[in-house]
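Descriptive analysis of the structure
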Amino acid sequence: MQRADWNGQSGERWAANQTRLDQILSAFGEATIDAAAPLRGEIVLDIGCGAGASSFALADRVGPQGHVRGVDISEPLILRARELTPAGAPVAFELADAARTSLAEGAFDLLFSRFGVMFFDDPAGAFAHLRRALTPGGRLAFVCWREAKENDWVRLPMGAIKAIVPPPSPPDPEAPGPFSLGDRERIFRILGAAGFVDIVVTPFDGTIPFGMGETRAAAIENALEMAFEVGPLSRALADQPEAIRTRAADAVRAAFAERPGDRAVMIDGAAWIVTARNPADIPPS
Ligand SMILES: C[S@@+](CC[C@H](N)C(=O)[O-])C[C@H]1O[C@@H](n2cnc3c(N)ncnc32)[C@H](O)[C@@H]1O
């Protein structure tokens with residue numbers, strides 16, 4: 001399901017909106033890279049690397065003696081990442097399912113992800129598989145969204161269309177998807193079951209430039225386009241008739257107009273930054 005989605009509409013739309021999405025996500029990625037503290041010469045796996053922005057930033061940090069391997073299940077995004085790779089950067093991209101792909105035991109100093117680890121069918125199994133690819137004492141660092149109700153970029157547009165489109169039945173909060181790791185206790189459970197230690201889950205709040213433009217009105221239209229292209233609103237409206245989509249657009253435009261911003265629409269985003277370690281003495285599995 002995730003493979004089909006990220007190779008179909010979601011992957012195509014992410015690739016098409018990659019520059020914008022990188023602007024939206026960069027503060028979250030930078031804070032997570034700081035928490036990961038990559039050292040020169042380290043070997044890093046970037047999980048669900050998308051079009052590669054975080055892989056390139058990590059490659060800068062590890063330098064030419066280090067290496068970053070980006071893995072993603074989306075072909076359009078891996079192709080984009082390869083196109084965007086700066087000449088000589090110590091980074092390579094692979095089309096692979098991070099939960100299953102063969103990874104040499106102890107091959108990586110750091111497992112990293114910017115919003116790419118919320119889509120596993122069996123998260124504890126996937127993280128256990130990934131942990132075995134870490135050196136003894138090696139680090140995990142990722143960022144994921146907190147619950148949808150804390151994230152205005154989804155709460156605001158979904159709230160605006162409530163009276164226009166019948167609300168989708170509440171999703172299983174643990175089903176693979178952007179908010180599947182929103183519950184802090186679930187993160188501890190999954191990573192603990194996968195064998196990680198020293199698990200630290202820290203809230204990170206960022207103000208997201210959700211729309212940008214030459215004028216405030218252009219920024220609001222830009223935010224509207226984005227919400228219609230990617231994320232829960234786009235899915236809720238996908239099969240709706242044009243008249244409903246038009247009414248929904250008016251309501252979402254009005255909601256975005258209430259957010260601050262000069263030539264932007266600034267919206268709050270709430271994430272967890274998670275760090276953990278592989279035990280230095282790995283128990284036999
Ligand atoms: C929200 S996007 C984030 C992309 C990128 N990390 C970024 O910050 O721009 C999630 C990414 O995870 C990838 N993904 C989902 N499940 C995956 C899996 N099992 N293995 C590898 N990549 C996966 C998707 O294809 C998608 O590119």
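Scope of this entry: the structure provided in the associated data block.

About the criteria used
Residues numbered from 1 in each chain as written. Predicted model: local features only at pLDDT ≥ 70, side-chain atom pairs only at ≥ 80, totals over all residues. Heavy atoms only, no water. 1 Å grid on protein atoms, 1.4 Å probe; cavity = no way out; pocket = protein on both sides within 12 Å on 5 of 7 lines; lining within 4 Å. Points joined across faces, edges and corners; volume = space filled by probe spheres on them. Nonpolar A, V, L, I, M, F, W, Y, C, P; charged D, E, K, R; others polar. Helix = DSSP H or I, 4+ residues; strand = E, 2+ residues; numbered from the N terminus. Buried < 20%, exposed > 50% of the residue type's maximum accessible area, 1.4 Å probe, protein only. Arc of directions from axis to C-beta. Contact = heavy atoms within 4.5 Å. Phe/Tyr/Trp six-rings, centres within 6.5 Å; stacked < 30°, edge-to-face > 60°. Lys NZ or Arg CZ within 6 Å of the ring centre and 35° of its normal. Salt bridge = Lys/Arg side-chain N within 4 Å of Asp/Glu carboxyl O. Axes fitted to C-alpha atoms, helices over the stretch in contact; angles between N-to-C directions. Left-handed = near helix turned anticlockwise from the far one by under 90°. Parallel < 35°, antiparallel > 145°, perpendicular 65-115°, else oblique.

Take empty space enclosed by the protein next. Applying the stated criterion across every chain, the model contains one cavity of 30 Å³ or more. What the largest cavity holds in volume is close to 30 Å³. Contributing to the lining of the largest cavity are V117, M118, F120, P123, E174, P176, S180 and R186. The residue inventory of the lining of the largest cavity, partitioned by class, reads five nonpolar, one polar and two charged.

This brings us to unusual backbone geometry. Here the phi dihedral of F115 falls at roughly 60°; this positive angle occurs in a residue that is not glycine. Tracing the backbone shows F115 in the loop between β4 (108-114) and α6 (123-131). In this model, D198 sits at a positive phi of 50°, which is unusual for a non-glycine residue. Structurally, the position occupied by D198 is in strand β6 (residues 197-212). Accessibility expressed as a relative area gives 55% for D198, which makes it exposed.

Those residues of helix α2 (residues 9-16) that fall on the buried side of the exposure criterion are S10, G11 and A15. Mapping the buried residues of α2 onto a view down its axis gives an arc of 130°, with all of them on the same face.

What follows deals with the environment of R132. Inspection of the secondary structure puts R132 in the loop between α6 and β5 (134-145). The partly exposed category is assigned to R132, whose relative accessible area is 37%.

All right, on to α6 then. α6 sits mainly inside the fold: seven of its nine residues count as buried. By the burial criterion, the buried members of α6 are P123, A126, F127, A128, H129, L130 and R131. Next to the buried residues of α6 lie β1 (43-47), β4, β5 and α8 (184-193).

Next up on the list: the packing of aromatic side chains. The geometry of two aromatic rings is summed up by the distance between their centres and the angle between their planes. One pass over the full model with this rule turns up ten aromatic pairs. An angle of 85° between the planes, with centres 5.7 Å apart, marks the rings of F56 and F93 as edge-to-face. With F56 in helix α4 (residues 53-62) and F93 in strand β3 (residues 91-95), this residue pair connects regions lying 37 residues apart in the sequence. Note on W145 and W153: the rings are 4.9 Å apart at their centroids and 50° apart in plane angle, and the pair reads as tilted. The same class applies to W145 and to W153, which are both buried. An aromatic cluster of at least three residues, connected via ring pairs, comprises F28, F115, W145, W153, F179 and F204. Between the NZ or CZ atom of R146 and the centre of the ring of W272, over which it lies, the distance is 5.3 Å.

Bringing the pattern of salt bridges into the picture now. In total, this model carries 16 salt bridges according to the counting rule given. A salt bridge links D97 to R100, with the nearest nitrogen and oxygen atoms 2.5 Å apart. Across the pair E147 and K149 runs a salt bridge, and its minimum N-O distance is 2.9 Å. Note on E147: relative accessible area 29%, which makes it partly exposed. In the salt-bridge network here, residues are joined through shared partners; they are D152, R155, R259 and D268.

Here we come to the packing of helix α3 (residues 18-36) against α4. Direction vectors running N to C along α3 and α4 enclose 35°, while the axes themselves pass 10 Å from each other. Of the two possible hands of crossing, α3 and α4 adopt the one that is right-handed. Between α3 and α4, the residues in contact are D22, I33 and D34 and A53, S54, A57, L58 and R61, respectively.

Another point: the environment of F112. Tracing the backbone shows F112 in strand β4. In sequence terms F112 and S54 are 58 residues apart; their C-alpha atoms lie 8.9 Å from each other. Once residues lying within four places of it in the same chain are set aside, the contact partners of F112 are G29, T32, I33, A36, V44, L45, D46, I47, S54, L58 and A141.

It is the contact of helix α7 (residues 152-160) with helix α11 (residues 242-257), at a shortest axis distance of 8 Å, that shows an interaxial angle of 135°. It follows from the interaxial angle that α7 and α11 lie oblique. In this structure, α7 meets α11 at a crossing whose hand is right-handed. Taken together, the residues of α11 that come into contact with α7 (itself represented by L156, P157 and A160) are A251, V252, A255 and F256. The residue inventory of the contact of α7 with α11, partitioned by class, reads seven nonpolar, no polar and no charged.

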